[in-house]
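Chain residues, written in single-letter form:
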Amino acid sequence: MAIDWETGFAPRMQQAKPSAIRELLKLLDEPGIISFAGGIPDPNLFPRTAIAAAAQRILGDPQLAATALQYGPSEGHAPLRRYIAGLMDQHGVACTADNILITSGSQQALDFIGRLFLDPGDTVLVARPTYLGALQAFSAHQPVYEPLPGPGSNRTPDSYGSGDASGTRRAKFGYVIADFQNPTGESLSLAERRDLVANAAALGLPIVEDAAYDQLRYDGAALPSLLALDAARAGGIDKGGVLYCGTFSKTIAPALRIGWIAAPCTVIDRLVLIKQASDLHTSTLDQMVLHEVAATLAPDHLATIRRTYRARRDAMLGALDECFRGAAQWTRPEGGMFIWVTLPEQLDAEDLLRRSLAEARVAFVPGTSFHVDGSGRNTLRLNFSLNPEAVAAEGIRRLGNVLHRALAA
Ligand SMILES: Cc1ncc(COP(=O)(O)O)c(C=O)c1O
């Protein structure tokens, strides 16, 4: 008898449908397309030689190779955990290796956090728009999304911690990208960070801080992480309520898939059980290579990345000033990889993408997919980390022409 796959799959998987946009974005590989769609680092900036040398050294040494190629602890390679605890310390968070779980990229951290906290119908508080990958990770558990506490929220303060008589479910956590958010590029000010941490503490609400872009600052002074503020407030990371998700994907290389969660030991202990069930541990070879590369990186490595992306951001902002003026509004991020564009209300960014691919061979990501409530039809995300300045300027010029034609129609 033929298997009926559709009825065999868990009902929650019905939500996980491939989007029409993904189909359109398959065109990206065609020659001549200028793409602002991806959210990826420039491969020319990967420390290729250092990675090759580290892998060679580790695999050339019988003892190191035996560790690198063997099964390892689910918590992660101990020297790397200690190294990351040291990095967190430098950023104002006193912690030990016991507060660190190594994950296969920070995407896995988000997946595990979803598994740890969420049952169907639980509430997750998110910004609108927010990172699509986080929504995908959490949505597997069929939560309800609500805006973070603030003017847009209609909940009574009590209901965040324990639910309320009307059946409102307890909010399990708030998910926040404080620095150079994906997709908007915007950051929380120091006052907003302090407010958020204080409000969450008052409500007994855990905060999941996604710090994927925090090292990519091009202007202005670095601000403390939510974790640093919360640990200072609570008297240490173990007494606080922030789970910090870090990654080396944006500063070293995403293919090594090394991320981490820094959190109270009680939370880490539970997450380790999920890690065991999921993949036993992150590749020890990758962890050892990453550790060696990160610890010995040329001092100008990060500076080069920042200089390169700053110039590309400036080129894109300059081109937007010239070609989009009067036709749209956009963010001016101090770091990260993205600029967020808001079109006039009557325009639909998915229609604009179709036109843009056909008429100008320029791609971007329409904004609806970053909104849990399907809003944001007149918004779009532009990536600026990948294209050299001249290509970015040309792409924005072509896209500007399409936009002006769409407005005139
Ligand atoms: C905000 C944010 N969080 C997490 C990730 C996941 O990155 P990784 O799994 O490579 O660490 C990304 C990737 O683009 C991201 O933009």
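What counts and how
- Residues numbered from 1 in each chain as written.
- Predicted model: local features only at pLDDT ≥ 70, side-chain atom pairs only at ≥ 80, totals over all residues.
- Heavy atoms only, no water.
- Helix = DSSP H or I, 4+ residues; strand = E, 2+ residues; numbered from the N terminus.
- Buried < 20%, exposed > 50% of the residue type's maximum accessible area, 1.4 Å probe, protein only.
- Polar contact = N/O pair within 3.5 Å; in protein donor to acceptor, adjacent residues only side chain to side chain.
- Contact = heavy atoms within 4.5 Å.
- Axes fitted to C-alpha atoms, helices over the stretch in contact; angles between N-to-C directions.
- Parallel < 35°, antiparallel > 145°, perpendicular 65-115°, else oblique.
- Left-handed = near helix turned anticlockwise from the far one by under 90°.
- Nonpolar A, V, L, I, M, F, W, Y, C, P; charged D, E, K, R; others polar.
- Phe/Tyr/Trp six-rings, centres within 6.5 Å; stacked < 30°, edge-to-face > 60°.
- Core = buried A, V, L, I, M, F, W, Y, C linked by side-chain atoms within 4.5 Å.
- Pairing = 2+ DSSP bridges.
- Near = heavy atom within 4 Å.
- Areas by Shrake-Rupley, 256 points an atom, 1.4 Å probe, with all protein chains shown as cover.
- Expected span 1.5 Å × (residues − 1).
- Salt bridge = Lys/Arg side-chain N within 4 Å of Asp/Glu carboxyl O.

Peer 1: Please provide a residue-by-residue account of the side chain of His281, values included.
Peer 2: Here His281 lies in the loop between α11 (265-279) and α12 (284-296). The class for His281 is buried, based on a relative accessible area of 13%. A distance of 3.0 Å separates the side chain of His281 from the backbone nitrogen of Gly72, its partner in a polar contact. Excluding anything up to four places from it in sequence, His281 contacts Gln70, Tyr71, Gly72, Pro73, Ser74 and Lys275.

Peer 1: Could you give me a rundown of the packing of helix α13 (residues 301-323) against helix α15 (residues 389-408), with the residues and numbers involved?
Peer 2: The N-to-C vectors of α13 and α15 enclose an angle of 25°; their axes lie 9 Å apart at closest approach. The orientation of α13 relative to α15 falls into the category roughly parallel. Considering only the axes of α13 and α15, their crossing is right-handed. Seen from α13, the contacting residues are Ala311, Arg312, Ala315, Met316, Ala319, Leu320 and Cys323; seen from α15, they are Glu389, Ala392, Ala393, Ile396, Arg397, Gly400 and His404. Of the residues in the contact of α13 with α15, the class split is 9 nonpolar, 2 polar and 3 charged.

Peer 1: A description of the packing of aromatic side chains should follow, citing residues and the corresponding values.
Peer 2: Taken as a whole, this structure holds 10 aromatic pairs when the rule is applied. Judged by centre distance (5.9 Å) and plane angle (80°), the ring pair of Tyr213 and Phe338 falls under edge-to-face. Of this pair, Tyr213 sits in the loop between β6 (207-210) and α10 (226-234) while Phe338 is found in strand β10 (residues 338-342), placing the two residues 125 residues apart along the sequence. On the basis of relative accessibility, which here comes to 4%, the residue Tyr213 falls in the buried class. With a centroid separation of 5.1 Å and an interplanar angle of 45°, the aromatic rings of Phe248 and Trp260 are classed as tilted. Of this pair, Phe248 sits in the loop between β7 (242-247) and β8 (259-262) while Trp260 sits in strand β8, placing them 12 residues apart in sequence. Grouping residues by exposure puts Phe248 and Trp260 together as buried. Here the aromatic cluster, defined as three or more aromatic residues joined through ring pairs, consists of Phe117, Phe138, Phe173 and Tyr175.

Peer 1: Give a detailed account of the nonpolar core, specifying residues and quantitative values.
Peer 2: Counting residues in each nonpolar core, the largest one holds 47 residues, and the members touching the most others are Met316, Leu320, Phe324, Leu343, Leu382 and Ile396. Taken together, the elements giving at least two residues each to this core come down to α13, β10, α14 (349-360), β11 (362-363), β13 (379-383) and α15. It is α13 that provides the largest number of residues to this core, a total of 7 residues. Excluding anything up to four places from it in sequence, Phe324 contacts Ala319, Trp330, Val341, Ile396, Leu399, Gly400 and Leu403. Ranked by size, the runner-up nonpolar core spans 44 residues in total, among them Cys95, Val197, Leu227 and Leu256.

Peer 1: Please give an account of the sheet that holds β7 that cites residues and values.
Peer 2: A sheet is described by the order of its strands in space; here 7 strands give the open sequence β2-β8-β7-β6-β5-β3-β4, paired in mixed fashion. The open sheet is flanked by β2 (100-103) and β4 (144-147), the only strands paired with a single partner. The sheet shows a mean angle of 25° between the axes of neighbouring strands, direction not considered. In the sheet, strand β3 (residues 123-126) pairs with β4 via 4 bridges, with the strands oriented parallel. Each residue of the ladder has a partner; that of Val124, found in β4, is Tyr145. Those strands touched by helix α6 (residues 105-117) are β2, β5 (171-176), β6, β7 and β8, and its axis lies near 155° from that of β7.

Peer 1: Please give an account of the site of the ligand that cites residues and values.
Peer 2: Close to the ligand lie 13 residues, the nearest being Ser106, Asp210, Tyr213, Thr247 and Ser249. Within the side chain of Tyr213, an N or O atom sits 2.6 Å from an oxygen atom of the ligand. Taking Thr247, its side chain carries an N or O atom lying 2.6 Å from an oxygen atom of the ligand. In the complex, the protein chains occlude 92% of the 400 Å² of accessible area that the ligand would expose alone. Its residues assigned to classes, the shell around the ligand comprises 4 nonpolar, 6 polar and 3 charged.

Peer 1: Before we move on, can you summarise the packing of helix α3 (residues 48-60) against α12 with the specific residues and values?
Peer 2: Pairs of packed helices are described in terms of their axes, by the angle between the two and the distance that separates them. In contact at an axis separation of 9 Å, α3 and α12 are set at 125° when each is read in the N-to-C sense. One way to sum up the angle between α3 and α12 is to call them oblique. Viewed along their axes, α3 and α12 form a crossing whose handedness is right-handed. Across from Ala50, Ile51, Ala54, Ala55, Arg57, Ile58 and Leu59 in α3, the residues of α12 making contact are Leu285, Met288, Val289, Glu292 and Val293. Residues that form the contact of α3 with α12 fall into these classes: 10 nonpolar, no polar and 2 charged.

Peer 1: Residues and numbers for helix α9 (residues 190-203), please.
Peer 2: Since the α-helix advances by 3.6 residues per turn, residues separated by three or four positions end up pointing in the same direction. The end-to-end C-alpha distance of α9, which contains 14 residues, comes to 20 Å, matching closely the 20 Å that a straight helix rising 1.5 Å per residue would cover. One or two positions beyond α9, positive phi appears at Gly204, with a value near 65°.

Peer 1: Can you lay out the side chain of Asn383 for me, pointing to particular residues and giving the numbers?
Peer 2: Its location among the elements puts Asn383 in strand β13. Polar side-chain contacts of Asn383 include one of 3.4 Å to the backbone nitrogen of Leu386. Not counting residues within four places of it along the chain, the set of residues in contact with Asn383 comprises Phe36, Gly38, Gly39, Ile40, Met316, Met337 and Phe338.

Peer 1: An account of the sheet that holds strand β9 (residues 329-330) is needed here, citing residue identities and associated values.
Peer 2: The antiparallel open sheet is built from 4 strands, whose spatial order is β9-β10-β13-β12. Both edges of this open sheet fall to β9 and β12 (365-366), since each of them pairs with a single strand only. Here β9 runs beside β10; their pairing, made up of 2 bridges, is antiparallel. Note on β10: the bridge partner recorded for Trp330 is Val341.

Peer 1: Report on the pattern of salt bridges, specifying residues and quantitative values.
Peer 2: Evaluated as defined, the whole model comprises 19 salt bridges. For Asp279, the salt bridge identified is with Lys275, shortest N-O distance 3.1 Å. Pair noted here: Asp279 and Lys275 are both in helix α11, with a separation of 4 residues, about one helical turn. Judged by its relative accessible area of 28%, Asp279 falls in the partly exposed class. On the basis of relative accessibility, which here comes to 0%, the residue Lys275 falls in the buried class. Taking the shortest distance from any N to any O, the salt bridge between Arg377 and Asp348 comes out at 2.8 Å. Pair noted here: Arg377 is in the loop between β12 and β13 and Asp348 is in the loop between β10 and α14, with a separation of 29 residues, a long-range link. In this structure, a network of salt bridges that share partners links the residues Asp219, Arg313 and Asp314.

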